[in-house]
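So the chains spell out like this:
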Amino acid sequence: MLVTVFLSFLIPIGFIAALVSISVSSAKVEVSADVAEKMLAKRIQKIGSVEIRGAAYEGGTAKQARSGEDVYKAQCSTCHATGAAGAPKLADAGAWGPRIKSGLDALVTSAMKGKGNMPAQGGGDLDDAEVARGVVYLANAGGAKFAEPKPSK
Ligand code: HEC
């Protein structure tokens, strides 16, 4: 009788102890994997942020990373979406055709320096490559097939 009682306590306790030790050891493995991941992430991040600042970021903003469409939406759509101030509208091939014939350089120069009712850079504070990409976006929507300029160095 005593032995039975003793065993009926001991066996479940031994079982629980075994379970606990299993879960503890697996938790330990998880923790160390987690830590290793964080250390790895830190290392990757350090290298990555240096590269990003050098290549695409300026003063913490993604200025040079803006595409022609982004530039258009941010700076050019005010006039070119509606034809305000007599601007040739986006995707209006009739209005863009003759302008496209004068060539990309001439169009970029107009956008950089201003033309007629259009202020220089469309009134924005953009870098040259962004203006050029905005021009390409507008001109291509109007029927041109210009290649989008690469980001400036
Ligand atoms: C304040 C209104 C306004 C804004 C903003 C504006 N434009 Fe214009 N844009 C015009 C007008 C008006 C014309 C027509 C000028 C003319 O031929 O007299 C024009 C013409 C152009 C032309 C044709 C130039 C040529 O030589 O025929 C291009 C290219 C152009 N815009 C690009 C842009 C780009 C890129 C932006 C944004 C960075 C922009 N515009 C923002 C009003 C604007």
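Residues numbered from 1 in each chain as written. Predicted model: local features only at pLDDT ≥ 70, side-chain atom pairs only at ≥ 80, totals over all residues. Heavy atoms only, no water.

A.B. asks: Can you walk me through a nonpolar patch on the surface in this structure?
C.D. replies: Taken together, the side chains of Leu-2, Val-3, Phe-6, Leu-7, Leu-10 and Ile-11 make up a nonpolar region of the molecular surface, amounting to roughly 660 Å² of accessible area. Structurally, Ile-11 can be placed in helix H1 (residues 2-55). We classify Ile-11 as exposed; its relative accessible area is 58%. (Patch = residues over 30% accessible without salt bridge, like charges linked within 9 Å, V, L, I, M, F, W, Y side chains within 5 Å. Areas by Shrake-Rupley, 256 points an atom, 1.4 Å probe, with all protein chains shown as cover. Salt bridge = Lys/Arg side-chain N within 4 Å of Asp/Glu carboxyl O. Helix = DSSP H or I, 4+ residues; strand = E, 2+ residues; numbered from the N terminus. Buried < 20%, exposed > 50% of the residue type's maximum accessible area, 1.4 Å probe, protein only.)

A.B. asks: Quick question: what am I supposed to make of the nonpolar core here?
C.D. replies: Buried together is how nonpolar side chains tend to be arranged in soluble globular proteins. By size, the foremost hydrophobic cluster in this structure holds 15 residues, and its most contacted members are Cys-76, Ile-100, Val-131, Val-135, Leu-138 and Ala-139. Elements supplying a minimum of two residues to this core: helix H2 (68-80), helix H3 (93-101), helix H4 (104-113) and helix H5 (128-141). For this core, the element with the most residues is H5, which contributes five residues. Discounting chain neighbours no more than four positions away, the residues touching Ala-139 are Trp-96, Ile-100, Leu-107, Ala-144 and Phe-146. (Core = buried A, V, L, I, M, F, W, Y, C linked by side-chain atoms within 4.5 Å. Contact = heavy atoms within 4.5 Å.)

A.B. asks: Even after reading the chapter, I still don't get the pattern of salt bridges, so can you show me in this structure?
C.D. replies: Here the idea is simple: oppositely charged side chains can pair when their charged atoms come close. One pass over the structure, following the stated rule, counts two salt bridges. Close ionic contact of Glu-130 with Arg-66 constitutes a salt bridge, the shortest N to O distance being 3.2 Å. Residue Glu-130 is located in helix H5, and its partner Arg-66 is located in the loop between H1 and H2; the two are separated by 64 residues in the primary sequence. A relative accessible area of 0% means that Glu-130 is categorised as buried. Arg-66 gets classed as partly exposed once you look at its relative accessible area, which sits at 25%.

A.B. asks: Even after reading the chapter, I still don't get unusual backbone geometry, so can you show me in this structure?
C.D. replies: Apart from glycine, the bulk of residues carry a negative phi angle, and the bulk of peptide bonds sit in the trans form. We note that Ala-85 has phi near 60°; this positive angle belongs to a residue other than glycine. Assignment of secondary structure puts Ala-85 in the loop between H2 and H3. With a phi close to 65°, Ala-91 is a non-glycine residue in the positive phi region. Assignment of secondary structure puts Ala-91 in the loop between H2 and H3.

A.B. asks: What is the right way to read the packing of aromatic side chains from this model?
C.D. replies: Summed over the entire model, instances satisfying the criterion amount to one aromatic pair. Aromatic side chains Tyr-72 and Tyr-137 sit 5.3 Å apart centroid to centroid with 40° between the ring planes, which places their arrangement in the tilted category. Separated by 65 residues along the polypeptide, Tyr-72 in helix H2 and Tyr-137 in helix H5 bring together distant segments of the chain. On the accessibility criterion, Tyr-72 (6% relative accessible area) is buried. According to the relative accessible area criterion, Tyr-137 is partly exposed, its value standing at 24%. (Phe/Tyr/Trp six-rings, centres within 6.5 Å; stacked < 30°, edge-to-face > 60°.)

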